[in-house]
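Single-letter residue listing:
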Amino acid sequence: MNDNDKEVLTKAGKAAIEKKLAQLIDVEKPRALSDLNLARSQGDLSENADYDSARDRLQEIETEINRLQYTLDHATILDDAALSATDLKTCRLGGGKITVLNISKNTRTTFTIVGSAEANPLQGKISNTCPVALAVLGHRAGDTVEVDAVKPYSMLIENVEEN
């Protein structure tokens, strides 16, 4: 994995992943182990659907724990402390909310740019690798940018909030 492929997390994203990881380790995994032991105690494992289900659930939890731990171990955590006041007003990964106007459709959208592990478009969090984020990164309110999509379009950056 080279530096360009490295996962990036905001401090809030890191905290959310740590919380989810703790929930899996402290609550979900012990519950799944208990369910597995209960199913195992029911006898013949060759035709025990409860055992198969409990075993599969435990494997899903362990896979998710490993994925989250890998993300935490290998991600770069963003630190705004090193940014100047000027940098805080640019569209940036882990920054505040950005409001843009799609010029051709005359529609406004507000979003925050986060690393792909935190992306959730329904919550207004877009990945730093998506075309809209790539178009606005490093720009300021008042700039017009071109989004590199199948049908390219222009957006006016209307507002950039400090985080």
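Just so we're clear, the structure is a prediction, and the values are computed from it rather than from any experiment.

K.L.:
Looking at this structure, I do not really get the overall build of the chain. What am I missing?
P.N.:
In terms of helices and strands, the chain carries three helices and seven strands. When the helices and strands of the chain are placed in sequence order, the string is β-α-α-β-β-β-β-α-β-β. Within the span of the chain, comprising 163 residues, buried residues form 34% of the whole. Put simply, 52% of the contacts in the chain that link residues at least 6 apart link residues at least 24 apart. Of the roughly 10,100 Å² that the chain leaves accessible, carbon and sulfur atoms contribute 50%.

K.L.:
Quick question: what am I supposed to make of the sheet that holds strand S7 (residues 153-160) here?
P.N.:
Where strands meet in a sheet, backbone hydrogen bonds hold them as pairs that are either parallel or antiparallel. Strand order in the open sheet formed by five strands is S5-S4-S3-S7-S6, with mixed pairing between adjacent strands. Both outer strands of the open sheet, strand S5 (125-127) and strand S6 (144-147), are each paired with one neighbouring strand and no more. For this sheet, the mean angle separating the axes of adjacent strands, direction not counted, is 45 degrees. When strand S4 (residues 107-114) meets S5, the two strands line up parallel, connected through three bridges. What sits directly across from Val 114, in S5, is Ser 127.

K.L.:
When you look at the pairing of S4 in this model, what are you seeing that I'm missing?
P.N.:
Side-chain positions along a regular strand alternate between the two faces of the sheet. For strand S3 (residues 98-102) and S4, the ladder comprises five bridges, and the chain directions are antiparallel. Along S4, the bridge assignment pairs Thr 99 with Thr 110. A loop of four residues connects S3 with S4, the two strands running antiparallel in sequence, and Asn 106 in this loop sits at a positive phi of about 55 degrees.

Rules of the game
- Residues numbered from 1 in each chain as written.
- Predicted model: local features only at pLDDT ≥ 70, side-chain atom pairs only at ≥ 80, totals over all residues.
- Heavy atoms only, no water.
- Helix = DSSP H or I, 4+ residues; strand = E, 2+ residues; numbered from the N terminus.
- Buried < 20%, exposed > 50% of the residue type's maximum accessible area, 1.4 Å probe, protein only.
- Contact = heavy atoms within 4.5 Å.
- Areas by Shrake-Rupley, 256 points an atom, 1.4 Å probe, with all protein chains shown as cover.
- Pairing = 2+ DSSP bridges.
- Axes fitted to C-alpha atoms, helices over the stretch in contact; angles between N-to-C directions.

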